[in-house]
Amino acid sequence: MHEWALAEAIISSVSQIAEKEGLKEVREVKIKVGELQQVEVEILEFALSELKMDKLKNAKFFIEAVRAELKCRVCEHKWSFSRNRLDKESAEAIHFVPETVHAYIKCPRCGSPDFEILQGRGVWLESVKGVK
Amino acid sequence: MIDPRKSIINKRLGRVKHIIAVSSGKGGVGKSLVASTLALILANKKFKVGLFDADFTSPSTHLILGVKNAKPREEKGVIPAHVHGLKYVSIVAYSRENALPLRGADVSNALMELFATIIWGELDFLIVDMPPGISDALLDVIRLVKGINFLIVTTPSPLAFETVKKLLELLAELKVPVVGVVENMKIRESNFIPQNVRDAGFRFLGELPFDPKVEDSLGNVDTLLKTDFAIKLAKIALEIFL
Ligand SMILES: Nc1ncnc2c1ncn2[C@@H]1O[C@H](COP(=O)(O)OP(=O)(O)OP(=O)(O)O)[C@@H](O)[C@H]1O
Ligand SMILES: [Mg+2]
Ligand SMILES: [Zn+2]
């Protein structure tokens, strides 16, 4: 249910943007969701639809999943994250705090935990559109 | 691209009256011990208290408190565990027995994630155990958490105070409120720290003895609270917060 907490953050952030840009109504919000965090898109969508109000009442939310790409800082190997190799508890930990991936995953080539999350970590707002 | 998490943090902390980061320029001076014991003392005085272990790479409050399985619950956010009358969150619940090698940017991200998702609810005090030094975590809590206060720990050593002085100067420059400085692990009479703290324009909160009983009481809060260290800290806490 981490999705609800993130949905609240999205709503609050979009409201702030609408305020700052003087939008009367928000029409379209584009969101990117990184696969590392394993956000359940349906729950996120549902939470957003429950939480939206005022200027966001008629907003449509578009959610795009982004593959999580990791890159080893030691040997420069790149690979994508897949939760299949993890047990339930580790996958859940990464869901709550994606950085704990460094406790559970190592570079498949050299075994180092010193890797970078190139993309696909968590939730980002890509754009907010509306009418002034 | 906008990170939506930042905008919710101050709402999450909106019903917390006092947020106190226990910090120092130096490592190993007793920050975690002071933070954990202070949280217990305030909770015993019937305050609503939260303790957040923000030292992600070397968390230790769970060992001081003797916490084995303090997993937060999830319910439209992260609901802190209840331990010894405290609302408690440590990243150990997620990293478990594993090492968690994080770079600075990862620390920032994890801090932001937790501040954005933990539902602390109503608290009189949220005590934050900080990692040592002028680190990313320090700059992040200053940047992200409106109304944060600092309680600084030093030892009697000029080596510790040298780094503490720099931290105090930084906090003053950034206009971050500082509750004051405690001198921990005092082993003999000396006016060096109190004098220097006052000369720098900060409040000297008092001294905490080096207490050999502390080591044996780690993990047992009842005996910990009976040590001379804790009794002295309780006096200081009541002077500051009552
Ligand atoms: N007043 C004291 N008397 C006896 N032992 C103490 C006292 N204060 C701290 N210690 C011990 O010193 C060690 C370091 O304390 P602690 O872990 O709280 O320091 P810290 O500043 O949080 O360290 P770090 O910078 O690594 O986070 C611990 O073993 C602790 O039990
Ligand atoms: Mg510590
Ligand atoms: Zn590698």
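All values derive from a computational prediction rather than experimental measurement.

Peer 1: It is not clear to me how the site of ligand 1 should be interpreted in this structure. Could you clarify?
Peer 2: Residues and elements named next belong to chain B. The environment of ligand 1 is formed by 18 residues, the closest being G28, K31, S32, N184 and D211. At a separation of 2.8 Å, an oxygen atom of ligand 1 approaches a polar backbone atom of G28. Considering ligand 1 on its own, with 620 Å² of exposed area, one finds that the protein chains cover 81% of that surface. Among the secondary structure elements, those contributing two or more residues to the shell around ligand 1 are α2 (31-44), β9 (178-186) and α9 (213-217). Here the shell around ligand 1 gets three residues from one element, more than from any other, and that element is α2. Split into classes, the residues belonging to the shell around ligand 1 amount to nine nonpolar, five polar and four charged.

Peer 1: Explain the coordination of the zinc ion (ligand 3) to me, please; I cannot follow it from the model alone.
Peer 2: In an ideal tetrahedron of four donors about a metal, each angle is 109.5 degrees. In an ideal octahedron of six donors, the angles are 90 or 180 degrees. Residue and element names in this part refer to chain A. Protein ligation of the zinc ion (ligand 3) involves C72 (SG), C75 (SG), C107 (SG) and C110 (SG), the donor distances falling in the range 2.3 Å. Here the zinc ion (ligand 3) binds four donor atoms, and the angle range of 105 to 115° at the metal identifies the geometry as tetrahedral. All donor residues of the zinc ion (ligand 3) come from one chain, and their arrangement in sequence is C-x2-C-x31-C-x2-C.

Peer 1: Can you help me understand the pairing of strand β3 (residues 69-72) of chain A in this one?
Peer 2: For a regular strand, side-chain orientation follows a simple rule: the groups alternate between the two sheet faces. All names here are of chain A. A one-sided burial pattern is seen for β3, the buried positions being L70 and C72 and the unburied ones E69 and K71. Where β3 lies against strand β4 (residues 78-80), three bridges are found, and the strand directions are antiparallel. Looking at β4, one finds that E69 is bridged to S80. Between β3 and the antiparallel strand that follows it, β4, lie five residues; E76 among them carries a positive phi value of about 70°.

What counts and how
- Residues numbered from 1 in each chain as written.
- Chains lettered and ligands numbered in written order.
- Predicted model: local features only at pLDDT ≥ 70, side-chain atom pairs only at ≥ 80, totals over all residues.
- Heavy atoms only, no water.
- Near = heavy atom within 4 Å.
- Polar contact = N/O pair within 3.5 Å; in protein donor to acceptor, adjacent residues only side chain to side chain.
- Areas by Shrake-Rupley, 256 points an atom, 1.4 Å probe, with all protein chains shown as cover.
- Helix = DSSP H or I, 4+ residues; strand = E, 2+ residues; numbered from the N terminus.
- Nonpolar A, V, L, I, M, F, W, Y, C, P; charged D, E, K, R; others polar.
- Donors = N, O, S within 2.8 Å, 3.2 Å for Na, K, Ca; no water.
- Tetrahedral: all angles 85-135°; square planar, octahedral: opposite > 155°, others 65-115°.
- Buried < 20%, exposed > 50% of the residue type's maximum accessible area, 1.4 Å probe, protein only.
- Pairing = 2+ DSSP bridges.

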